[in-house]
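# Reading the structure
Here's the letter readout for the chains.
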Amino acid sequence: MTPLNFPNNNPASASSRVGLLSRHLAAGVQHPASSSTPIAFLSTTQSPGFSSSQPSKMSSQPEHPALLIPGPIEFDDAVLQSMSHFSESHVGPGFVATFGETLSMLRKLFQTTSPSSQPFVISGSGTLGWDLVAANLAEPGDNVLVLSTGYFGDGFADCFNVYGANVDKMAGPVGGRPQLPEIETVLKSKKYKIITVTHVDTSTGVLSEIQKLSEMVKSVSPDTLLIVDGVCSVACEEIAFDAWNVDGVVTASQKAIGCPAGLSISMFSGKAIEAFKARKSPPASYFASMKNWMPIMQNYEAKKPSYFATPSPQLIHALHTALSQILAKPLSERFAKHKEASDRIKKAVADLGLKQVAGSPDDQAHGMTAIYLPESVKATDILPKLAKNGIIFAGGIHKEIAPKYIRFGHMGVSVTDPARTDIDRAIEALKSGLAECGYQKA
Ligand SMILES: Cc1ncc(COP(=O)(O)O)c(C=O)c1O
């Protein structure tokens, strides 16, 4: 367990984010749709370096390499097209109805029927969810226990430090996770206001067990709020908010939910909201203050116009479409499809003689796979080869092992749309890319 000592902003973490960005760019391919041209008017020109022998026609979208990084993911046509909605007032009845329905659909996605659960959808990325938790649920000096399984757990801990919480961090070995008996011992040693867990850490592909963790936390330390970072898990891994007695889940639009980036999406329990209301000091954030957003969310859901800061109507339309599609089928079917695709990918990786960063099968995520490269192959060699064959994977971002592995995201339409061949093509591209790099299975 490593106590963190940064009382304020952590410059190291800002520079490591810049490093992360440059590793994504290492793939060397510019996405052709990255201009600001509306989707309906995009031409079908291909990106430089993308071989036409690997066509990737995605219905009305121009041909482009399949984006199989662990978010943002490939998007469905209807989701993209719903963003070209004409401009509406953010307090007009049409948009208020769309936003209200979107919030109600989130209750279904998170599997909560409790009237005291509170959804929030705020313009921002997944990181804003951390601020929402740290600014509103922790007060300066409160004890917070962060379970870290990689880069993003460490980032959540940094965020709590910024707001003056007293943070203890527990991390497993790289590719593993802290185990329940040791977490229990720590929880018994000190009173924690909050415990956080990253459901899937996108830097390692390590999946954490939420239900058993919750049972243990509620029996050992019932007042402690259990907060889940579900940025890389919501909509591809099961989260039963009520049944598992979770107090908060924060996520973002651009991963398994399948909506373009730009929305922080979260759900908090009645107990978390009560903890916010019982604060002695006001939250040290204006934009991320639950006090400012809660009445707005409640009004929108009741179909009443309300304003604190302007939402993005076009992104909310896209989220409405994405959620309608997800909820049109049983969630269990969606989770099963992600598991099937994940099993197939993990078997192909093992058949190639490669290992995953997440060591134990029980700790392996179903929406992404972090793959150790053979010693002779560099990420900077294989990523461009994959890109030339129409497949974009991401480089490694865990500070201890970054150059040694690559990340394959398999969430959303690439897995659920039977018309897409993204996953099969990615497996083939991985095989041929490794062969081109001179790798042969021993
Ligand atoms: C698990 C996890 N948490 C938080 C974040 C931060 O989200 P964002 O980059 O949207 O701010 C990410 C981003 O990939 C993530 O994977």
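Residues numbered from 1 in each chain as written. Predicted model: local features only at pLDDT ≥ 70, side-chain atom pairs only at ≥ 80, totals over all residues.

In the annotation of an unreviewed UniProt entry, the protein is listed under the name alanine--glyoxylate transaminase and assigned to Monosporascus ibericus. Regarding the protein, the relevant UniProt record gives this comment under Cofactor (unreviewed entry): "pyridoxal 5'-phosphate". (UniProt positions renumbered as here; feature names shortened; annotations may be inferred.)

## Looking at the packing of helix H3 (residues 93-109) against helix H9 (residues 290-301)
Two elements in contact, H3 and H9, have axes separated by 7 Å at closest approach and are oriented at 105°. Considered as vectors, H3 and H9 are oriented roughly perpendicular to each other. Two secondary-structure elements touch here, H3 through Val96, Phe99, Gly100, Leu103 and Ser104 and H9 through Met297, Tyr300 and Glu301. (Axes fitted to C-alpha atoms, helices over the stretch in contact; angles between N-to-C directions. Helix = DSSP H or I, 4+ residues; strand = E, 2+ residues; numbered from the N terminus. Parallel < 35°, antiparallel > 145°, perpendicular 65-115°, else oblique. Contact = placed C-beta atoms within 7 Å.)

## Notes on the site of the ligand
Lining the immediate environment of the ligand, one finds Gly71, Ser125, Gly126, Thr127, Phe152, Thr198, Asp201, Thr202, Asp229, Val231, Cys232 and Ala252. Tallied by class, residues from the shell around the ligand come to 4 nonpolar, 6 polar and 2 charged. (Near = placed C-beta within 6 Å. Nonpolar A, V, L, I, M, F, W, Y, C, P; charged D, E, K, R; others polar.)

## What about the sheet that holds strand E14 (residues 394-395)?
Strand order in the open sheet made by the 3 strands is E12-E15-E14, with antiparallel pairing throughout. Edge strands, defined here as strands with exactly one partner in the open sheet, are strand E12 (368-372) and E14. Of the strand pairs in this sheet, E14 and strand E15 (residues 405-409) are connected by 2 bridges, and their pairing is antiparallel. Each residue of the ladder has a partner; that of Gly395, found in E15, is Ile406. (Pairing = 2+ DSSP bridges.)

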